[in-house]
Amino acid sequence: MSNWIDFKELRANLDFERVLEHFGIEVKRRGDQHHGFCPLPGHQGKRNSPSFSANLARGIFQCFGCGAKGNVLEFAALMERVDPKNSTAFRDVALRLKERFCPEPGSARQAGKQVKEEQPAGKPVSPEAPALINAPLDFELKGLDPKHPYLAGRGFTPETIARFGLGFCSRGLLKDRIAIPLHDHKGRLVGYAGRVVDDKVVSEDNPKYRFPSKREREGKVFEFRKTRFLYNGFRIMAPVDNLIVVEGFTSVWWLDQNGFANTVATMGSDCSERQAKLILDLVMTAGRVWIVPDGDAAGERHAHSLLGQVSSHRFVRWVKLEKDRQPTDLSCGQLKSCIAL
Ligand SMILES: [Zn+2]
């Protein structure tokens, strides 16, 4: 019915983060900014440097590699190989975005009605219902192979592999990846991350880690947000004297295997406000937070992101690793000498 479109209003109402995720882009948020490889199909030139940035609050983007820039609508158009100057095609893109992300009440009347009839009275459900964030899963992946050579090859023992529930997945969304169960603070399984087993196949379309994508089930929308999640947090018997914070999963497993059970990961180099709060909740007021990031630029960012949010509340130690070394490169003895709890 209503094909009228107010571009300005639509732009204001669209959440750029959701639009990026809609196009399968893993959002690397730092404040209001996202930085990453340029996802535009028309991008020419190198894709090995993060030339693309988006201001999520203002709904604008820019790539200094291909020179593309504009607003969230123009971004969506370019992703769909539509020239934003082609007003008819551009309008179609905008209409689809509007329908998907900002439907008018009643505009999805037909679809809504069908759903309603199957639902208990008074509970209309639409795909645009607010997403349930990090909600418990009602299934578990079966048939994961804990004996995959990748895990043993990185030095993980069968005990560690079993403790973290790891295993190679041979089908579905996590095909050819190590499935990593993600548990919320109450220990409930909320999803799986997946790590490729062969770093050579990592590319822009095939990231090293895959996180749960948004999904619909029985009229509800489920969404995983790692910014609201601390990996391994549920195992910590809080409050603790000493908590170790690392960037990634493998560092957690490695430290745990070497006697440092109180280790959590932010799953990336940026610590969100929520993650900082979760970290503080786990540590006694007089306790210490040990930051053990990788010895690279991202690790440095990780440390600064944590220091900025945690150091005024707890005593913080930053264990700086040598250049290009990761916690998993250190032997038990080396770990014990630099993390002297
Ligand atoms: Zn570009």
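Residues numbered from 1 in each chain as written. Predicted model: local features only at pLDDT ≥ 70, side-chain atom pairs only at ≥ 80, totals over all residues. Heavy atoms only, no water.

Brief notes about the packing of aromatic side chains
As a reminder, the rule being used: Only the six-membered ring of Trp is used, alongside the rings of Phe and Tyr, when aromatic pairs are assigned; centres must lie within 6.5 Å, and planes under 30 degrees apart are stacked while those over 60 apart are edge-to-face, with the rest tilted. Secondary structure elements are defined from DSSP: runs of H or I of at least 4 residues count as helices, runs of E of at least 2 residues count as strands, and each element is numbered from the N terminus. Categorising residues by exposure relies on relative accessible area from a 1.4 Å probe, with only protein chains included: less than 20% of the type maximum marks a residue as buried, more than 50% marks it as exposed, and the intermediate range marks it as partly exposed. Note on criteria: charge over ring means Lys NZ or Arg CZ within 6 Å of the ring centre, with the direction from the centre no more than 35 degrees off the ring normal.
Taken as a whole, this structure holds 16 aromatic pairs when the rule is applied. Their ring planes at 20° and their centres at 6.4 Å tell us that phenylalanine 249 and tryptophan 253 sit as a pair that is stacked. You can see phenylalanine 249 and its partner tryptophan 253 sitting in helix 8 (residues 249–257), four residues apart, about one turn around the helix. Overall, the relative accessible area of 1% leaves tryptophan 253 in the buried class. An aromatic cluster of at least three residues, connected via ring pairs, comprises Phe156, Phe164, Tyr209, Phe211, Phe224, Phe229, Tyr231, Phe249, Trp253 and Trp254. Directly above the aromatic system of phenylalanine 222 lies the positively charged group of arginine 215, at a separation of 4.5 Å from the ring centroid.

Quick word on the coordination of the zinc ion
Note the threshold: Metal-coordinating donors are taken as N, O and S atoms lying within 2.8 Å of the metal, or within 3.2 Å when the metal is Na, K or Ca; because water is left out, some sites can appear incomplete.
For the zinc ion, every protein donor is listed as Cys38 (SG), His43 (ND1), Cys63 (SG) and Cys66 (SG), and the spread of their distances is 1.9 to 2.3 Å. For the zinc ion, the single-chain donor residues occur in sequence as C-x4-H-x19-C-x2-C. Residue cysteine 38 is found in the loop between strand 2 (33–36) and strand 3 (52–55), and its partner cysteine 66 is found in the loop between strand 4 (60–63) and strand 5 (69–71); the two are separated by 28 residues along the sequence. Classification of cysteine 38 by relative accessible area gives buried; the value is 1%.

Observations regarding the nonpolar core
As a reminder, the rule being used: In plain words, nonpolar cores are sets of buried Ala, Val, Leu, Ile, Met, Phe, Trp, Tyr and Cys residues tied together by side-chain atoms within 4.5 Å. Contacts are assigned to residue pairs that have any heavy atoms within 4.5 Å of one another.
Core analysis: the biggest nonpolar cluster contains 33 residues, and Tyr231, Phe249, Trp253 and Ile339 have the highest contact counts within it. At the level of elements, helix 6 (149–153), strand 8 (177–183), strand 9 (189–196), strand 13 (240–246) and helix 8 are the ones that each hand at least two residues to this core. The dominant element in this core, judged by the number of residues it contributes, is helix 8, at five residues. Setting aside residues no more than four positions away along its own chain, phenylalanine 249 makes contact with Ile180, Leu182, Ala193, Tyr209, Phe211, Tyr231, Ala265 and Met267. In terms of nonpolar packing, the next biggest core, distinct from the first, is built from 30 residues, Leu14, Phe16, Cys38 and Met79 among them.

Focus: unusual backbone geometry
Residue alanine 238 is joined to proline 239 through a cis peptide bond whose omega torsion reads -5°. Within the fold, proline 239 resides in the loop between strand 12 (220–223) and strand 13. Although it is not a glycine, arginine 81 sits at a positive phi angle of roughly 60°. If you trace the backbone, arginine 81 turns up in the loop between helix 3 (72–79) and helix 4 (87–101). With a relative accessible area of 67%, arginine 81 lands in the exposed category. The phi angle at methionine 267 is positive, at roughly 60°, despite the residue not being glycine. Residue placement: methionine 267 occurs in the loop between strand 14 (263–265) and helix 9 (273–282).

Points about the pattern of salt bridges
Test applied: Take a side-chain nitrogen of Lys or Arg and a carboxyl oxygen of Asp or Glu: if they are within 4 Å of each other, that pair is a salt bridge.
A full pass over the atoms with the stated rule returns 15 salt bridges. Between arginine 96 and glutamate 80 there is a salt bridge whose closest N-O contact spans 2.5 Å. You can see arginine 96 sitting in helix 4 and its partner glutamate 80 sitting in the loop between helix 3 and helix 4, a full 16 residues away along the chain. The shortest N-O distance in the salt bridge between aspartate 138 and arginine 217 comes to 3.1 Å. Linking aspartate 138 in the loop between strand 6 (132–133) and helix 6 with arginine 217 in strand 11 (residues 215–217), this pair joins segments that are 79 residues apart in sequence.

A look at the sheet that holds strand 14
Convention followed: Only strands joined by at least two bridges in the DSSP assignment are considered to pair. Lines are fitted to the C-alpha atoms to define the axes, a helix being fitted only along its stretch in contact, and any angle between axes, read from their N-to-C directions, falls within 0 to 180 degrees.
Overall, parallel pairing links the four strands, which are arranged 14-13-15-16 in an open sheet. Unpaired on one side and paired on the other, strand 14 and strand 16 (315–318) mark the two borders of the sheet. On average, adjacent strands in this sheet sit at an angle of 25° to one another, irrespective of strand direction. In this fold helix 8 packs onto strand 13 and strand 14, with an angle of close to 175° to the strand it touches most, strand 14. Its contacts with the sheet put helix 10 (residues 297–310) on strand 13, strand 15 (283–291) and strand 16, and the angle it makes with strand 16 is roughly 170°.

Points about helix 4
Put simply, the rule reads: For a helix, the expected span equals 1.5 Å multiplied by the number of residues minus one.
Helix length check: helix 4 (15 residues) gives 21 Å between terminal C-alpha atoms against 21 Å at 1.5 Å per residue, within 8%. Residues of helix 4 that are buried include every one of Phe90, Val93, Ala94, Leu95, Leu97, Lys98 and Phe101, and no others. Among the structural elements, helix 1 (7–13), helix 2 (16–22) and helix 3 are those in contact with the buried residues of helix 4.

A look at the packing of helix 9 against helix 10
Just so we agree on the cut-off: Throughout this description, any angle smaller than 35 degrees is read as roughly parallel, any larger than 145 degrees as roughly antiparallel, any in the 65 to 115 degree range as roughly perpendicular, and the remainder as oblique. Here a crossing is called left-handed whenever its near helix is offset anticlockwise from the far helix by less than a right angle, and right-handed whenever the offset is clockwise. Under the scheme applied, nonpolar residues are Ala, Val, Leu, Ile, Met, Phe, Trp, Tyr, Cys and Pro; charged residues are Asp, Glu, Lys and Arg; polar residues are all the others, including Gly.
The N-to-C vectors of helix 9 and helix 10 enclose an angle of 65°; their axes lie 10 Å apart at closest approach. By the angle class used here, helix 9 and helix 10 are roughly perpendicular. Here the hand of the crossing between helix 9 and helix 10 comes out right-handed. Packed against helix 9, whose contacting residues are Glu273, Ala276, Ile279 and Leu280, the element helix 10 presents Leu306, Gln309 and Val310 at the interface. Considering only residue class, the contact of helix 9 with helix 10 consists of five nonpolar, one polar and one charged.

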